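Geometric and topological summary
This is what each chain is made of:
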Amino acid sequence: MGKVKTEAALKRQRILITGRVQGVGCRPFVYRLAASLGLTGRVFNDTTGVTIEVQGSTEKIESFTECLRTGRGPVNLPAMLKIATCRSTAIDSVPEERKFAIGASDAEGPAVSQVTPDTATCTDCLREMNERNDFRYRYPFINCTNCGPRYSIVRTIPYDRPNTTMASFEMCPACRTQYTETGDRRFHAQPVACPACGPAVQLTDNTGRTLESDCHKAIAQTAEMLRQGRIVAIKGVGGFHLAVDAFNDDAVKRLRERKQRDHKPFAMMARSIDIVRRYVQVDETAETLLTSPQSPIVLLDRNTDADAGRAIAPSVAQGTATLGFMLCYAPLHYLMFAEEAIEVLVMTSANISDEPLICNNQQALARLGSVADAFLNHNRDIYRQVDDSVVHIIDGRAAMLRRSRGYVPTPILMNEPCSVDVFAAGADLKNTFCFVKGNQLILSEHIGDLADAMVYRHYIDSVKHLQGLFEVAPTVVACDLHPGYLSTQYARSLGAERVIAVQHHWAHIASVLAEYDYPDRVIGIVADGTGFGTDEAIWGCECLIASLAGFERIGRLMYYPLPGGDKAAKEPIRPVSGLLKMLSGNNSWLRQYADILQRLEPDQTRLALIAQQLEKNINTVNTSSLGRLFDAAACLAGLGNYNHFEAQLPTALESIADRSVKERYTSVIKPDSNGTLLLDVRNMLIELIEDLRMGAPAAVVSAKFHNCLAYAMLNFALQARQKHQLSTVALSGGVFCNRYLANLLITMLKENDFSVLFKQRIPANDGGIALGQAAIAAKAVQSGRV
């Protein structure tokens with residue numbers, strides 16, 4: 001840079017940037033930007049983000065900070081870099097220096113820096129991986145500052161190689177040269193490696209005996225096994241997948257039997273976007289999602305084109321109108337799909353039934369030896385197992401169903417920081433948990449259903465891991481109002497200074513407000529299967545006036561009796577029975593609807609027992625659950641009499657709905673004696689049953705049922721607006737994972753001049769509960785109520 005100016009002519013500033021700034025090429029970017037402007041100084045990672053000290057003329061320092069804030073300047077911003085804040089302070093002392101340098105990381109201080117999610121392989125790395133003369137030719141762990149593993153390998157922050165599972169791999173001279181070369185794309189890329197110094201793959205049988213240790217031969221042999229219809233466990237970025245040929249129905253059935261997953265649809269991975277288009281409808285939004293750095297599973301409508309080519313095996317996904325596809329996101333995937341005749345594979349989480357995802361080599365052999373015929377594994381340890389994320393498209397935009405790889409642990413940011421750390425325990429189904437640290441709401445990856453003992457242990461371990469990673473010390477704990485939830489019991493066992501029990505449906509709406517950072521009251525419409533109410537009934541279709549500070553329940557589905565407790569979520573004859581009893585008003589329902597009941601439940605002894613439960617009020621609760629009403633409607637329509645997985649029957653009901661039908665069943669909303677708006681569905685049920693008795697197609701019944709509910713929810717909003725002068729509606733709850741209902745209701749609300757808040761980054765189901773709990777607790781702290 002030549003001789004420096006005199007000290008009197010120079011200025012020096014310290015700049016602290018926060019956000020997604022570690023593991024994304026931020027320091028090399030800052031280095032190049034400073035060099036291009038002729039500035040000296042240094043840049044280093046610390047526990048809050050990235051600290052920069054720049055020295056030069058006032059004009060050049062201003063240009064430098066403007067480039068940071070706007071992303072426009074002489075050096076391109078790294079693709080994964082997301083700067084949340086950029087704060088500058090003047091430094092009085094101006095040392096004599098001649099260059100800009102990348103300094104050693106500072107690990108002192110509280111850890112508040114964001115951790116970058118794992119990211120799909122970039123096009124530059126793919127190009128190099130396929131160049132014969134490149135020393136990483138066909139190397140399955142190629143990466144750079146723009147792509148590769150991050151969250152799944154980091155042990156602690158700041159994000160430096162010694163703090164990751166790559167610490168045991170010492171860089172060879174070639175990798176070290178790229179790592180230290182300022183103009184190289186791998187300048188300070190922490191997981192950088194090559195065949196000479198990095199991780200390697202091997203193929204073993206299901207006893208652990210090595211079948212092939214040569215990388216290329218192992219991949220080729222794996223492909224041959226898959227072509228033969230065998231099941232192979234493949235270790236990826238966040239854990240193992242169980243892979244099988246998606247065109248081989250016998251192989252898929254065998255996988256279902258061994259994995260003990262008889263009905264739930266499998267996700268698939270395809271070689272290219274063009275192959276995906278053969279089987280599902282891919283619009284611009286879908287293509288953007290499939291090819292994004294996050295590379296989630298995307299649920300898309302099936303094609304009806306008979307010329308799609310080879311047919312996907314029927315056993316991959318039955319009873320749904322959608323298929324779930326993702327594209328390759330790790331180098332190993334690309335190498336596998338480059339093999340002959342590998343076009344579409346089932347790639348499902350490697351576990352038994354709904355147990356936690358397996359990421360450890362030895363554990364995989366022990367747990368999956370009876371499931372997989374072979375294992376394609378590697379020796380780069382996965383410190384944090386992370387499932388594939390799942391999204392679908394609602395109102396023309398991505399909407400999260402399962403938030404994990406590619407998105408976690410990116411925080412949701414609040415305008416106002418919280419003065420104490422908070423832990424939110426989440427719900428028992430589709431559990432996630434959340435920490436509040438400063439202005440960050442740090443939501444965990446998908447954990448699962450806590451009723452499974454292994455999932456519950458994984459939950460506790462995950463809480464401790466994330467707490468350690470971000471050095472969180474919660475003094476306030478938030479949990480669900482339900483005293484029987486395992487998550488609630490765990491939260492209360494922590495001995496925090498204050499425990500805040502949050503009603504389930506309020507937490508649902510709060511999660512919407514947190515995602516949008518919305519500060520005011522809204523009309524909240526929540527529809528799901530179950531949530532413990534303040535009156536100890538089981539809520540499930542609610543209209544609230546809500547903010548982060550409180551809520552008022554102004555409307556609900558009328559209560560009906562639900563016999564059987566948790567069995568009712570599996571056995572739709574139970575909500576059917578409760579609804580029919582409500583219709584008759586007495587015990588004549590068994591005779592009045594005998595024709596319907598005999599078709600639905602041939603076992604009359606079992607039906608008599610359910611009737612006794614209802615008559616004597618044994619293990620029977622009052623509920624406003626819309627989820628159970630969906631179960632009942634699907635059962636009445638003849639779509640099945642058992643939910644083998646959550647929402648199986650409602651999903652089938654949605655998939656058959658005739659979109660051309662505009663008629664709807666009758667619903668009535670009227671206030672009760674306390675002024676609460678009640679959605680009366682008795683006329684709807686009478687009309688639905690009459691349609692079925694008259695032989696109406698199930699597709700028509702489904703459409704009229706959906707249309708009726710959308711219209712009823714619109715009326716909730718209209719009456720709430722008239723009384724409370726609010727025009728913003730927030731929607732949440734697992735029922736709104738139903739795209740037909742969600743799209744129809746959003747359209748109707750917008751046509752009636754409502755602003756609609758519908759979650760995109762956070763699941764509408766219980767995977768977002770923890771975020772809502774955390775936001776409510778943070779608001780209580782910020783307002784001095786805790």
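Look up a bit, the structure's there.
Residues numbered from 1 in each chain as written. Predicted model: local features only at pLDDT ≥ 70, side-chain atom pairs only at ≥ 80, totals over all residues. Heavy atoms only, no water.

Broken down by element type, the protein chain carries 23 helices and 29 strands. Against the compact-globule benchmark of 28 Å for 786 residues, the protein chain has a radius of gyration of 28 Å, which places it among compact chains. A burial count over the protein chain gives 60% of its 786 residues as buried. In the protein chain, of all internal contacts separated by at least 6 residues, the share reaching a separation of at least 24 is 72%. With the model as given, the accessible surface of the protein chain reaches about 30100 Å², and the carbon-plus-sulfur share is 47%. Across the protein chain, the centroid of the 83 positively charged side chains sits 2 Å from that of the 83 negatively charged ones. (Helix = DSSP H or I, 4+ residues; strand = E, 2+ residues; numbered from the N terminus. Rg over C-alpha atoms; globule rule 2.2 N^0.38 Å. Buried < 20%, exposed > 50% of the residue type's maximum accessible area, 1.4 Å probe, protein only. Contact = heavy atoms within 4.5 Å. Areas by Shrake-Rupley, 256 points an atom, 1.4 Å probe, with all protein chains shown as cover. Lys, Arg positive; Asp, Glu negative; His and termini not counted. Charge placed at Lys NZ, Arg CZ, Asp CG, Glu CD.)

With that settled, the discussion passes to the pairing of strand E26 (residues 668-671). In regular strands, side chains alternate between the two faces of the sheet. Both E26 and strand E27 (residues 677-680) contribute to a ladder of four bridges, which runs antiparallel. Across the sheet, the residue bridging to Val-668 is Asp-680, located in E27. Between E26 and E27, which pair antiparallel in sequence order, lie five residues; one of them, Gly-675, sits at a positive phi of approximately 90°. (Pairing = 2+ DSSP bridges.)

Spatial strand order, E4-E1-E3-E2-E5: five strands in an open sheet with mixed pairing. The strands lining the two open edges of the sheet, one partner per strand, are strand E4 (82-90) and strand E5 (100-102). Mean inter-strand twist for the sheet, computed between neighbouring axes without regard to direction, equals 15°. Where strand E1 (residues 11-20) and E4 come together, eight bridges link them in antiparallel fashion. Across the sheet, residue Gln-13 finds its bridge partner in E4, namely Ala-90. Across the sheet, helix H1 (residues 26-36) touches E1, strand E2 (40-45), strand E3 (50-56) and E5, and the angle it forms with E5 is around 175°. With respect to the sheet, helix H2 (residues 58-70) is in contact with E1, E3 and E4, its orientation differing from that of E1 by roughly 5°. (Axes fitted to C-alpha atoms, helices over the stretch in contact; angles between N-to-C directions.)

Another aspect to go through is unusual backbone geometry. Geometrically, the link from Ile-157 to Pro-158 is a cis peptide bond, its omega value of 10° lying close to zero. Position of Pro-158 among the secondary structure elements: in the loop between helix H3 (123-129) and helix H4 (173-180). Cis rather than trans, the peptide bond between Val-408 and Pro-409 has omega equal to 5°. Of note in this structure, Gln-260 is not a glycine but carries a positive phi near 60°.

Moving on: the sheet that holds strand E16 (residues 397-402). Across the sheet, eleven strands lie side by side as E7-E6-E14-E8-E9-E13-E10-E12-E11-E15-E16; this open sheet has mixed pairing. Because the sheet does not close on itself, it has two edges, and the strands there are strand E7 (210-212) and E16. Pairwise comparison of adjacent strand axes, ignoring direction, gives a mean angle of 35° for this sheet. Inspection of the sheet shows strand E11 (residues 297-301) paired to strand E12 (residues 322-327) by four bridges, in the antiparallel sense. By the bridge assignment, Val-298 is partnered in E12 with Phe-325. This element, helix H6 (residues 249-259), spans strand E9 (240-245) and strand E13 (344-349) of the sheet and lies at about 145° to E9. Sitting on the sheet, helix H10 (residues 361-368) touches strand E6 (201-205), strand E8 (232-235), E9 and strand E14 (374-378), and the angle it makes with E14 is about 165°.

Let us now look at the packing of helix H21 (residues 698-724) against helix H22 (residues 739-751). Two quantities define a packed helix pair, namely the angle between the axes and the distance from one axis to the other. Axis separation between H21 and H22 bottoms out at 9 Å; the angle between their running directions is 40°. The angle between H21 and H22 falls in the class oblique. As for the relative orientation of H21 and H22, their crossing is right-handed in sense. In contact with Ala-703, His-706, Asn-707, Leu-709, Ala-710, Tyr-711, Met-713, Leu-714 and Ala-717 of H21, H22 contributes Tyr-740, Leu-741, Leu-744, Leu-745, Met-748 and Leu-749. Class assignment for the residues of the contact of H21 with H22 results in 13 nonpolar, two polar and no charged. (Parallel < 35°, antiparallel > 145°, perpendicular 65-115°, else oblique. Left-handed = near helix turned anticlockwise from the far one by under 90°. Nonpolar A, V, L, I, M, F, W, Y, C, P; charged D, E, K, R; others polar.)

Another aspect to go through is the environment of Thr-285. Relative to the helices and strands, Thr-285 resides in helix H8 (residues 284-290). On the basis of relative accessible area, Thr-285 is assigned to the partly exposed category, the value being 25%. In the structure, Thr-285 is positioned 166 residues away from Ala-451 in sequence and 36 Å away in space, judged by C-alpha atoms. Thr-285 has contacts with Ile-393, Gly-396, Arg-397 and Ala-398, leaving out every residue within four places of it along the chain. In terms of polar contacts, Thr-285 uses its side chain to reach the backbone carbonyl oxygen of Gly-396, at 3.2 Å. (Polar contact = N/O pair within 3.5 Å; in protein donor to acceptor, adjacent residues only side chain to side chain.)

Moving on, we get to helix H12 (residues 486-493). Quick reminder: α-helices carry 3.6 residues per turn. Residues three or four places apart thus point the same way. Turning to H12, its buried residues are Ser-487, Thr-488, Tyr-490 and Ala-491. Buried residues in H12, looked at end-on, bunch into an arc of 165°, giving them a common side. On its buried face, H12 is in contact with strand E17 (412-424), helix H11 (453-469) and strand E19 (476-480). Gly-495 occupies a position one or two residues after H12 and carries a positive phi of about 70°. (Arc of directions from axis to C-beta.)

On inspection of all chains with the given rule, the structure shows 33 salt bridges. With a closest N to O distance of 2.5 Å, Arg-739 and Asp-301 form a salt bridge. Pair noted here: Arg-739 is in helix H22 and Asp-301 is in strand E11, with a separation of 438 residues, a long-range link. Residue Asp-535 pairs with Arg-553 through a salt bridge whose shortest N-O separation is 3.7 Å. Of this pair, Asp-535 sits in the loop between strand E21 (522-532) and strand E22 (538-546) while Arg-553 sits in strand E23 (residues 551-557), and the two are 18 residues apart along the sequence. By relative accessible area, which is 17% here, Arg-553 ends up buried. Linked through salt bridges whose partners overlap, the residues forming this network are Arg-12, Arg-14, Arg-42, Glu-53 and Glu-97. (Salt bridge = Lys/Arg side-chain N within 4 Å of Asp/Glu carboxyl O.)

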